[in-house]
Amino acid sequence: MGLEMSKKFINNLKPYIWLIPSLFLFGVFTFYPFFHTIYKSFFIVDSMGKVREFVGFGNYLYVLNDKKFLIAITNTLIFLAITVPTSKVLGFCFALLANKKRKFSTFYEASFALPMAMASSVVAMIFQLLYVYPLGILNGRFHLDIRWLTDSKYALIAIAIVQIWLSTGYAFVFLLSAVRNVSNDLLESASIDGASPLKKIFSIYIPLTTPTLFYLLVSDLAYTMMIMGLVNILTGGGPNNSTLTIMLYIYQQFARTGNYTTANAASIFAFLLSLTFTLIAFVWEKKGVHYQ
Amino acid sequence: MGEKGGALSMKESKLSNIVVQLFAIFLAIAVLAPILYAISVSFMPASEILTKDYNLIPKNPTLENYKIAFNTTPLLRYMLNSFIVALTSSFFRVVFALFAAFSFAMYDFKGKKILFVLVLSTIMVPPNLLIVQNFVTVSKLHLVNTYIGVCSVFLISANNIFIIRQQFLTFTKSLQDAAKIDGASDLRFFFSILIPTNKAIIFTVFVSSFVNVWNQYVWPLIVTNRAEMRTIQVGITMLKDRESALFGPVMAGAVIALIPTLIVFIISLKKIVSGMMSGAVKA
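Sequence order as written defines the numbering, with residues in each chain counted from 1. Chain letters and ligand numbers both follow the written order, the letters beginning at A and the numbers at 1. Residues qualify for local features only when their pLDDT is at least 70, as the model is predicted, and side-chain atom pairs are given and counted only at 80 or more; totals for whole chains, interfaces and linings, by contrast, use all residues. Remark: hydrogens and water are excluded; side-chain values derive from all non-hydrogen atoms of the structure.

> Residues and numbers for the packing of aromatic side chains, please.
All names here are of chain A. Two rings from Phe, Tyr or Trp (for Trp, the six-membered ring) form a pair when their centres are within 6.5 Å of each other. A pair whose planes differ by under 30 degrees is stacked, one over 60 is edge-to-face, and the rest are tilted. Evaluated as defined, the whole model comprises 39 aromatic pairs over all chains. Seen from their ring centres, Phe 57 and Tyr 60 are 5.8 Å apart, and the 55° between their planes marks the pair as tilted. Their ring planes at 45° and their centres at 4.9 Å tell us that Tyr 170 and Phe 174 sit as a pair that is tilted. Residue Tyr 170 and its partner Phe 174 are located together in helix α7 (residues 155-180), separated by four residues, close to a single helical turn. Helix and strand assignments follow DSSP, with helices taken as H or I runs no shorter than four residues and strands as E runs no shorter than two, numbered in order from the N terminus.

As C-alpha cells, then:
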C-alpha cells in the first residue's frame, strides 16, 4: 500500500518536474526582475542597486518632471507613429505584388524577407556609411544635401528609415501567407461582379488579413517601444536629444551615471505605456478584426 | 484565375506578368541595395570610399579591409564568442521548451492553466525593460564577462514553448496511451517517439533562435566590457567610433558578421517561416 502511494505521488509530481527549468529561468530572469523593479521604483536606490529610502511615487514624479524623459517619450511616440504603420503598409504592398507565384518569385520573395534576418548593429553600421555627410552615397547619388544623423530635424527620421528597412521583411512574410490564404472563390465572384483591383484590395484583401495585421501591430508596438540598439549606435540620442528614446534614457541613467533610482521608475512607466498600447489594440481588435 | 478571362485578357496578363515581375525584381534589388553596397565597399581600397565619384563598385578590388579588420580587432574571437553564445542558448532554449511543452500538452495537473498563462504572460514584458535588474542579478552572481552571463537571459523563450506545445497537441492522447500500454515510460515516449517525429519543428525553433541570439546587441553590450568577451554584433560597432571615417574595415567586419545568418536564412527560410506562422496564426 505504501509503495503504491509513493508511486502515485511521484506520478502526480511528473508534470511539474518537466517544468522546473523553464519556471526557474522565468522566475529569475523575468518575474523577479519585473516585480523587483516595481518594488524598487518606490525607493531611492544607491549606485550598487541597494534600496535606501522609501519615497512613494516620488521617483515617478521626478522622471515625469524631467525634461529629458518627456523628450524621450515624445521621440519614441513619433518614432512608433512613423515606423509601425509604414512597415506594415509596405509589407502589405510587397505581399500583394508577390501574391501570385511567378517565375522569379523565389528571388524577390527572399529579397523582401531578408532584412528580418539582419542584426540591427550590422545594419546600423551600413546605414551610417550611407548617411555620411556630405560624401555618403545617399546624398551623392540622389543629389541631396542632408546631414542625416547630425541635423536634429532629420536624425529621428533617418533612424526610422533604418527601422522600417529592418522590420518590413517580417511583416511581408506574414502578410504574404495571409494574402495567399484568401479564398479564390471570393476573388472570382468579385471579378464576375466587375470589382476593380483596388476594390478587391479594400473589400477583400484588407478585411481578410486583419487578424495577421493585428498580430503584427501588437507585437511591433511593444517591441519598437523599447528601441535602443539602433539609436545607441547611430546617434547616441543626439543631436540635442532629438533621437533620445525611452529605453536609451533608461540605459544612460544606469550605465553612465549609475542612477538606478530614476531608471527603475522610468522602466515601469515604459512598461505601462506599452501595456496601454496593447490594450488599445485589443479594444480595436473587437471592432475591426475580421475572423473567418 | 487566368483561364476565366478569355483570350484577350490572357494576352494582357502575359505582358502584365512581365511588367509585374520586372517591377518586383527592381524593388527586390532596392531592398538589397544597402547589403550589396556594403559588400562592394568591403572590397574597395580606402582611396575609393567616400569620394566625389560616389563609387558603387570597386575599381581596384582589394582584400586590405579584411586584413585590417582581422589584424586590428579580435574579429575571430568575436565570431567564436557569438557562436558559443548562440549555439548554447539555442540548445537550452529548445530543450527547456520541449520539456515545458511536453508537460503542458501531455498531462493534466493542478495549476496547469495558471502556469501556462504565467508562461505566456512573459511575452508581454519586453526583455529590454528587464536589463537593469538582470544586470544587477548577473553581476551579483559574478557572471559579468562570462558566457553564462551572456547566455543567461536567452535560455528560455515563451514563444518557443508555445509553438512546440501547439505541435505536440496535434499528437493525440491515444498515441501516448498506446505507448503506455506497450509499457513505455513517459521518458521513453518523450525521447523515442515525440522527439524523432517532431524533428522539423525542433529544427525550425533551433534555427530561428540561433538567428535571434546571434543578432542580439543590447544585452551582450551591457554584460561584457572586456574585448575578449564581446560578441560580433557588439565588436563590429567598436571597429570605429562615430566620428571617424574609416569605413572599409567596418564593412568587412559587417560582411563577416552577416555570413552565418545569411547562410542560415538561405537554407531554411521556408521552414522558419512556416514554423513562425504556426505559432502566430493559431494564437
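Moving on, there is more to tell.
> Got a sec to walk through the packing of α7(A) against helix α9 (residues 197-225) of chain A? Specific residues and values, please.
Residue and element names in this part refer to chain A. At a closest axis distance of 10 Å, the pairing of α7 and α9 adopts a crossing angle of 150°. Judged by the sense of rotation from one axis to the other, the crossing of α7 with α9 is right-handed. Between α7 and α9, the contacting residues are Gln 163, Tyr 170, Ala 171, Phe 174, Leu 175, Ala 178 and Val 179 on the first element and Tyr 205, Thr 209, Thr 212, Leu 213, Tyr 215, Leu 216 and Thr 224 on the second. Residue polarity is assigned by list, with Asp, Glu, Lys and Arg as charged and Ala, Val, Leu, Ile, Met, Phe, Trp, Tyr, Cys and Pro as nonpolar; anything else, Gly included, falls into the polar class. Its residues assigned to classes, the contact of α7 with α9 comprises ten nonpolar, four polar and no charged. An axis is simply a line fitted to the C-alpha atoms; with a helix, the fit covers only the stretch in contact. Between two such axes, the angle follows the N-to-C directions and lies from 0 to 180 degrees. Whether a crossing is left-handed or right-handed is set by the direction in which the near helix is turned from the far one by less than a right angle, anticlockwise for left-handed and clockwise for right-handed. It only takes one pair of heavy atoms within 4.5 Å for two residues to be counted as in contact.

> Help me get a handle on a nonpolar patch on the surface, residues and values and all.
A cluster of nonpolar residues, Phe104(A), Phe107(A), Ile29(B), Leu36(B), Ile39(B), Phe43(B) and Leu63(B), forms a patch on the protein surface that exposes about 600 Å² of accessible area. Top contributing element to the nonpolar patch by residue count: helix α1 (residues 6-42) of chain B, with three residues. In this fold, Leu36(B) is placed in helix α1. The patches described consist of residues with a relative accessible area above 30% and no salt bridge, like charges being joined within 9 Å and nonpolar side chains (Val, Leu, Ile, Met, Phe, Trp, Tyr) within 5 Å. A 1.4 Å probe and the Shrake-Rupley method give the accessible areas. Residues count as covered only by the protein chains that appear here. Salt-bridge detection follows one rule: a side-chain nitrogen of Lys or Arg within 4 Å of a carboxyl oxygen of Asp or Glu.

> Before we move on, could you go through the pattern of salt bridges and cite the residues and values that matter?
All names here are of chain A. Taken as a whole and judged by the stated rule, the model has five salt bridges over all chains. Note that Glu 109 is salt-bridged to Arg 180, the shortest N-O span being 2.7 Å. One end of the pair, Glu 109, is in helix α4 (residues 105-113); the other, Arg 180, is in helix α7, with 71 residues separating them in the sequence. Overall, the relative accessible area of 28% leaves Arg 180 in the partly exposed class. Each residue gets one of three labels from its accessible area relative to the maximum for its type: buried under 20%, exposed over 50%, partly exposed in between, using a 1.4 Å probe on protein chains only.

> Explain the interface of chain A and chain B to me, using residue names and the numbers behind them.
The partner chain B presents 89 residues to the 83 residues of chain A that form the contact. Once two parts are put together, the accessible area they lose, assessed with a 1.4 Å probe and summed over both, is termed the buried area. Across the interface of chain A and chain B, roughly 7,900 Å² is buried in total on both sides, 79% from carbon and sulfur atoms. The largest per-residue losses of area from chain A upon contact with chain B belong to Trp18(A), Phe29(A) and Leu129(A), which jointly make up 11% of the total buried on that side. If you look at where chain A meets chain B, you find zero salt bridges. Contacts described as polar in this section are N or O atom pairs within 3.5 Å, which, within protein, must combine one atom able to donate a hydrogen with one able to accept it, while residues neighboring in sequence count only if both atoms come from side chains. Run the count over chain A and chain B and you get twelve residue pairs in polar contact (both at pLDDT 80 or more). Among the elements that line the side of chain A that touches chain B, the one with the most residues is helix α1 (residues 2-40) of chain A, at 20 residues.

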